[in-house]
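Fold and geometry: a report
Now for the letters of each chain:
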Amino acid sequence: MGKNIITTPRYGKNFKDRLYLPAIYEGCKVTFKHFFTNINNSNAVDTLEYPEEQPSDITSRYRGLHRLTHRADDTIACVACFMCATACPSDCIFIEATERDDNKDEKMPKSFSIDTLECIFCGYCVEACPCDAIRMDTGIFSLTGNSREDFVLNKDQLLSYKGAFGEENSCARS
Ligand code: SF4
Ligand code: SF4
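Residues numbered from 1 in each chain as written. Chains lettered and ligands numbered in written order. Predicted model: local features only at pLDDT ≥ 70, side-chain atom pairs only at ≥ 80, totals over all residues. Heavy atoms only, no water.

1. Overview of a nonpolar patch on the surface
Among the surface-exposed residues, Phe15, Leu19, Tyr20, Leu21 and Ile24 lie close enough to one another that they form a single nonpolar patch of about 560 Å² accessible area. For the nonpolar patch, the secondary structure elements donating two or more residues are helix 1 (15-19) and helix 2 (21-40). Summarising the element assignment, isoleucine 24 is placed in helix 2. (Patch = residues over 30% accessible without salt bridge, like charges linked within 9 Å, V, L, I, M, F, W, Y side chains within 5 Å. Areas by Shrake-Rupley, 256 points an atom, 1.4 Å probe, with all protein chains shown as cover. Salt bridge = Lys/Arg side-chain N within 4 Å of Asp/Glu carboxyl O. Helix = DSSP H or I, 4+ residues; strand = E, 2+ residues; numbered from the N terminus.)

Take a look at the structure:
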């Protein structure tokens, strides 16, 4: 019994197509044309010399790094209800709840961390929070580190960030 052999077609009809070098040449020509055009007229290029030059057009709707807010009396606004973690499509919010130590009838997070390497910055956690306790209004768009752990924001870090667009540190809730 003969074997069922499938012959796949070779793309490119003529010798020039099959040589590939003309296509590579055409691609390089376009690349170098733009390269030298931009070198000769760098003012016309709409790019920033980052990081020396920072963007100045971040608006209040921009979803930057998260922060946890405080109430008016400076206590943590989060009541560890897990709504944000439940809404998170990336499963990158980790909360451990405990009893409050500030005489309020609610819980508070013993630990609260966000793995920003998993986060897709969708903002669902902010939408889901019933207490205005988590926001993404820090205006911080860049986070650097040397290890994976550097990108996991813990509770203290999240509480230390300020809002960049007014209402620096407080939530709407008392
Ligand atoms: S922004 Fe989206 S992915 Fe990131 S922590 Fe919030 S819900 Fe999860
Ligand atoms: S940040 Fe908001 S949604 Fe998340 S646990 Fe705290 S109170 Fe609940």
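2. Overview of the pairing of strand 3 (residues 107-115)
Two strands pair when backbone bridges link them, and strand 2 (residues 93-99) and strand 3 are joined in this way by 7 bridges, in the antiparallel orientation. Looking across to strand 3, one finds that isoleucine 93 is bridged to isoleucine 114. Relative to strand 5 (residues 152-153), strand 3 runs antiparallel, the two being bridged by 2 bridges. Bridging across to strand 5, aspartate 115 finds its partner in valine 152. (Pairing = 2+ DSSP bridges.)

3. So, the pattern of salt bridges
Summed over all chains, the structure comprises 6 salt bridges. When the shortest N-O distance is used, the salt bridge between aspartate 137 and arginine 67 registers 2.6 Å. Taken together, the positions of aspartate 137 in the loop between strand 4 (134-135) and strand 5 and arginine 67 in strand 1 (residues 67-68) put the pair 70 residues apart, joining distant regions of the chain. By the burial criterion, aspartate 137 is buried, and arginine 67 matches it. The residue aspartate 132 makes a salt bridge to arginine 135 at a minimum N-O spacing of 2.6 Å. Residue aspartate 132 is classed as partly exposed on the basis of its relative accessible area of 23%. Taken together, the shared-partner salt bridges connect Arg67, Asp132, Arg135 and Asp137 into one network. (Buried < 20%, exposed > 50% of the residue type's maximum accessible area, 1.4 Å probe, protein only.)

4. Observations concerning unusual backbone geometry
The amide bond that connects tyrosine 50 to the next residue, proline 51, takes the cis arrangement and shows omega of 10°. For proline 51, the location among the structural elements is in the loop between helix 2 and strand 1. Although it is not a glycine, aspartate 91 sits at a positive phi angle of roughly 50°. Along the chain, the position of aspartate 91 falls in the loop between helix 3 (83-87) and strand 2. Judged by its relative accessible area of 57%, aspartate 91 falls in the exposed class.

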